[in-house]
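Letter by letter, the chains look like this.
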Amino acid sequence: MTLVYGPVIGQTSPSFFDFAVADPEVRPSNYEYVQIEVEEMLGERRKRVTVLGQVKAIYSSHPFYDARTSPEAMWKQRQLGVAEDLLQTIAKAKILGYIHRSEDGGREIRRPRTPPLPGTPVYRASDELIVEFFRLPERDLPLVVGHLLHRPGVKIPISGRELHRHTAILAMTRYGKSYFAGKVMEELLKRGATILTIDVHGDYVNMVNRPDGVAHDFFRDKVTVYRPEGAEALALPHVKPLRLAVASCGFTELCSLARIQGDLQMIVLRNVLRELREERGGNYGLEDVIERLEERMGGEERAAERVRFFNVIRRLEDLRTRRIFSDYETPVREFFRPMHLSDIFLSGLPSGVQDVLVGLILRKVFDAKFRKEPWARLPLFIFVEEAHRFAAPPEMGGGRFSRDILARIAAEGSKFGLFLTIISQRPRRIDPDILSNCSNLAVLRVVNRGDQAMIQAASESFSEDLLEDLPALDQGEVVLVGPFVSVPVMIRTMERETQHGGRTPDIYRLLQEARAEAEEERERRRSKIY
């Protein structure tokens, strides 16, 4: 039997209503779902519809305990006993909508245009109503990523089909944004998706394993990690070298990597690159560039010119030691394997190198889609971790090379089958042009007012009441807003099937181990003395 909370009271609107809680012992909690009956005009007749609402605030009051009562009188009343029938609990609920079924069998979520009448009974919403409310048809590719905050049995899907409108996952550090992103990736892979991740810290390199470290039956062969030679060491069987050829690198990008800034030095390098390109096409490497510069320097009689050549060679040799370029290149078509995740592992690389590599890779991916290469026909889901490093405006220190291609993917990528998801703990540092193109928002805990304002500006659907909820969210709790859900909803991320690489270190355990090691070392020194 459905639980009755109490009647609607006071002034109501099609968006909000208040209701009195009849029994304080069974009062609803914040964010609980309720249902009421509303008479709605459908065509030319009035019909009763079941409307789903959510509790957004709850207040309790008692006439004996108010600002006018002294503390001494309150304690005296408490000792004498206070009539509980004078306790009043009022809840404020936001109306989410009702399910409208058309004559052809279709369904949609509609907002009522008629306010609920005072006195209308308010019920605890049934699980069946909520499940039906958030249900998605199979053609929308439902991805089950979480459950309602207070109802673990009610699973909430997002629409994989609507990810073509781009997505932003935003939260403070250590509140679960990468964990949530990994859950979305798991669901996409099970649907056969092709995924490319820009992984700055190695959060997704272990997605071949279950959380306990054992190889996962399904995901064990669905992930390949691409590691540039200069990145942090990573000894895993599914790691492949990410190789880039200098011939595929743009002139400006090469100058940035080599830290060549002088105009005359840049002219020297440009001339040599032009010669090699005319002679060999794209078949030359960094050693060929250095060798040609040395030849030109040897034939130069002017001392100033020789110094200029020497400086360019020295910077290119320094670039060679950073092991960014190889003699051949990883084919971009490898990133388009069906039902596979390609993880670009960038941990340990300087930010400037990361910027260039991300710009190069995403530009090659975009060009393949733009040229409609046959092997690039599948849609590609791109996840960018630490997006504020690459997608910030230039004046805020954003990626010089990666920002432009990210902006182009955000603006034009959907029509070519490139679906972007940016992940960041600093929304205010993301270029507004990029963030505003992310119609779907998954927002975890955010406290900073500047970040909140940026989020609200990016989405008309992010209402003031949702914004007020953000500082109160616990780890793993997410507000979903946008076309990938029927209406805004707060969920808890479901447990991952794969191992997450972004776990916070167990400080207590590590310090216990450190103390034990120190004690052992002290005992060894003492035993040598005696």
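Residues numbered from 1 in each chain as written. Predicted model: local features only at pLDDT ≥ 70, side-chain atom pairs only at ≥ 80, totals over all residues. Heavy atoms only, no water.

Novice: It is not clear to me how the overall build of the chain should be interpreted in this structure. Could you clarify?
Specialist: Helix and strand content of the chain: 14 helices and 21 strands. Here the C-alpha atoms of the chain give a radius of gyration of 30 Å, more than 25% beyond the 24 Å that 2.2 N^0.38 yields for 530 residues. Dimensions of the chain, computed from C-alpha atoms along their principal axes, come out at roughly 105 × 85 × 50 Å. Residues counted as buried form 49% of the 530 residues belonging to the chain. Here the analysis covers contacts within the chain between residues at least 6 apart in sequence; of these, 70% occur between residues at least 24 apart. Charge-centre separation for the chain: the mean point of 77 positive side chains lies 1 Å from the mean point of 76 negative side chains. (Helix = DSSP H or I, 4+ residues; strand = E, 2+ residues; numbered from the N terminus. Rg over C-alpha atoms; globule rule 2.2 N^0.38 Å. Buried < 20%, exposed > 50% of the residue type's maximum accessible area, 1.4 Å probe, protein only. Contact = heavy atoms within 4.5 Å. Lys, Arg positive; Asp, Glu negative; His and termini not counted. Charge placed at Lys NZ, Arg CZ, Asp CG, Glu CD.)

Novice: When you look at the nonpolar core in this model, what are you seeing that I'm missing?
Specialist: General note: in soluble globular proteins, nonpolar side chains tend to be found buried as a group. Counting 137 residues, the largest nonpolar core has L269, L316, F335, F462 and L480 as its most contacted members. For this core, the element with the most residues is helix α8 (residues 351-370), which contributes 10 residues. If sequence neighbours within four positions are ignored, L269 has contacts with F251, L254, C255, I260, V289, V312 and L316. With 17 residues, the next largest nonpolar core counts V8, F17, V21 and Y98 among its residues. (Core = buried A, V, L, I, M, F, W, Y, C linked by side-chain atoms within 4.5 Å.)

Novice: Can you walk me through the packing of aromatic side chains in this structure?
Specialist: Between two aromatic rings, the relevant description is the distance of the centres plus the angle of the planes. Scanning the entire structure with this criterion turns up 11 aromatic pairs. Where F218 meets F219, the ring centres are 4.9 Å apart and the plane angle is 90°; that geometry is what we call edge-to-face. For the ring pair F370 and F416, a centre distance of 5.5 Å and an interplane angle of 65° mean the geometry is edge-to-face. Placement of F370 in helix α8 and of F416 in helix α10 (residues 402-416) is noted, with a sequence separation of 46 residues between them. According to the relative accessible area criterion, F370 is partly exposed, its value standing at 46%. A relative accessible area of 18% means that F416 is categorised as buried. The rings of Y5, F17 and F19 are connected pair by pair, giving a single aromatic cluster. Above the plane of the ring of F218 lies K222, whose end atom (NZ or CZ) is 4.4 Å from the centre. The lysine or arginine in question, R270, covers the ring of F251, its NZ or CZ lying 4.0 Å from the ring centre. (Phe/Tyr/Trp six-rings, centres within 6.5 Å; stacked < 30°, edge-to-face > 60°. Lys NZ or Arg CZ within 6 Å of the ring centre and 35° of its normal.)

Novice: Is there a simple way to think about the state of the cysteines in this case?
Specialist: The term disulfide refers to a covalent linkage connecting the sulfur atoms of a pair of cysteines. The tally for this structure, following the rule as stated, stands at zero disulfides. In this model C249 remains outside any disulfide bridge; the closest cysteine sulfur is found in C255, 8.9 Å from its own. (Disulfide = S-S within 2.5 Å.)

Novice: Could you clarify how one ought to interpret the pattern of salt bridges in this entry?
Specialist: Where side chains of opposite charge bring their charged atoms close, a pairing between them can arise. All told, the structure shown has 45 salt bridges when counted by the stated rule. Linking R522 and E519 is a salt bridge whose minimum nitrogen-to-oxygen distance equals 2.7 Å. Of the two residues, R522 and E519 are both situated in helix α14 (residues 507-529); the distance of three residues between them amounts to about one turn of the helix. On the accessibility criterion, R522 (39% relative accessible area) is partly exposed. By relative accessible area, E519 is classed as partly exposed at 33%. (Salt bridge = Lys/Arg side-chain N within 4 Å of Asp/Glu carboxyl O.)

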